[in-house]
Amino acid sequence: MQIMKPRAGTSILIIYTGGTIGMVHDPVTGSLVPINFSHITDHVPELQKSGFSIKSVSFDPVRDSSNIDPAIWVKMAETIEENYHKYDGFVILHGTDTMAYSASALSFMLGNLQKPVIFTGSQLPIGLLRTDGRENLVTAIEFASEQENGKPLVPEVCIYFDSELTRGNRTTKFSAEHFDAFNSPNYPPLAVSGLHLKFNRDFIRYGDADKKLIVRKKFDTNVAILKIFPGMGRSLVQSIINTPGLKGLIIETFGSGNAPTYGWFIEDLRNFIMKGGIIFNVTQCHGGSVEMGLYETSRDLLAAGIVSGKDITSEASVTKLMFLLGNCSSRQEVTDCLGRSIAGEIS
Ligand code: ASP
């Protein structure tokens, strides 16, 4: 791990999309209301002393992240694209509930990214005394501003939360209660904050600095997730598979990619594939990897042409499938890209 001191003088754009972090008590009604982000430094006075040049834009309306969808991912990516050459880094304030989906989506959209895009938020509103939002915001800005020889130290889409900077498409929300709300089960943190900011340089992706940013904005939402469970019935499976227009199905399987060996189940999956559908096998486990063929209960899935999600998170699997269906020119291209890393999301 390499220890660095935050660098003053860099310019950061804060993009406020909504979520708990941007709330304060309305002095009249006492209710929690979103703050005006052009006055962010009134609420976080530490930022004035930081030496960073900070500007902010706020989406209108701001949203609880349950209401963030592909159209808003495109808006986030376009805001970065329009401001790419004006700022050294970007901090996206976002509700925690779907932050890992948005961070995954942006990691696929922003090809050849050479600047930090750091998502953060908080479990308690920034206007509350015990808020975790202030530390998350200030440290996310510090990470976004870190450079060496004029080059950003973490030119990736990341999530910063409670002392860890993790790759966005490797991260998952795992606590609705604790300040330590996220983790990256299958990939080490890119950096950690304590007394110092320490970087795990060997795990950070440094693309080709000569290549230009490419922003791909299409998503095809004709996908579904089927979480396998003991006792699952055929009519449920068929109602999902027969959804009009469905192109991609994620099956969330047991352990290392296993599922019941009912004859009807494999037959229905095979029929879906024969009609052109794509099936992606992702584990229900928090950590570890799909390994089809390891057990008898996944051999038929492998033989049917189901693509292994290996150690991908559920959030990255959904956004990746929608992204590939929206951007690839053939079914073969989708299946080839699904099974391998396109933005560091799979080992
Ligand atoms: N429901 C909120 C959201 O995701 C929770 C949060 O901000 O942490 O927008």
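Residues numbered from 1 in each chain as written. Predicted model: local features only at pLDDT ≥ 70, side-chain atom pairs only at ≥ 80, totals over all residues. Heavy atoms only, no water.

Structural notes on the site of the ligand
In the vicinity of the ligand, the contacting residues are Gly19, Thr20, Asp64, Ser65, Gly95, Thr96, Asp97 and Ser122. Within the side chain of Thr96, a nitrogen or oxygen atom sits 2.5 Å from an oxygen atom of the ligand. Relative to its unbound accessible surface of 270 Å², the ligand loses 88% to contact with the protein. Among the residues forming the shell around the ligand, the class breakdown is no nonpolar, six polar and two charged. (Near = heavy atom within 4 Å. Polar contact = N/O pair within 3.5 Å; in protein donor to acceptor, adjacent residues only side chain to side chain. Areas by Shrake-Rupley, 256 points an atom, 1.4 Å probe, with all protein chains shown as cover. Nonpolar A, V, L, I, M, F, W, Y, C, P; charged D, E, K, R; others polar.)

Brief notes about the pairing of strand E8 (residues 117-120)
The two faces of E8 match: Val117 and Phe119 on one face and Ile118 and Thr120 on the other face are all buried. Taken together, the three bridges between E8 and strand E11 (residues 157-161) define a ladder with parallel strand orientation. Across the sheet, Ile118 pairs through a bridge with Cys158, a residue of E11. (Buried < 20%, exposed > 50% of the residue type's maximum accessible area, 1.4 Å probe, protein only. Helix = DSSP H or I, 4+ residues; strand = E, 2+ residues; numbered from the N terminus. Pairing = 2+ DSSP bridges.)

Here's the deal with the nonpolar core
Ranked by internal contacts, the top residues of the largest apolar core, which has 52 residues, are Trp73, Met76, Ile80, Leu106, Leu110, Val117 and Phe119. Once residues within four sequence positions are removed from consideration, Met76 is found in contact with Thr17, Phe59, Ile68, Ile92, His94, Ser102, Leu106 and Phe119. Membership of the second largest hydrophobic core comes to 31 residues, among which are Ile118, Ile141, Val154 and Cys158. (Core = buried A, V, L, I, M, F, W, Y, C linked by side-chain atoms within 4.5 Å. Contact = heavy atoms within 4.5 Å.)

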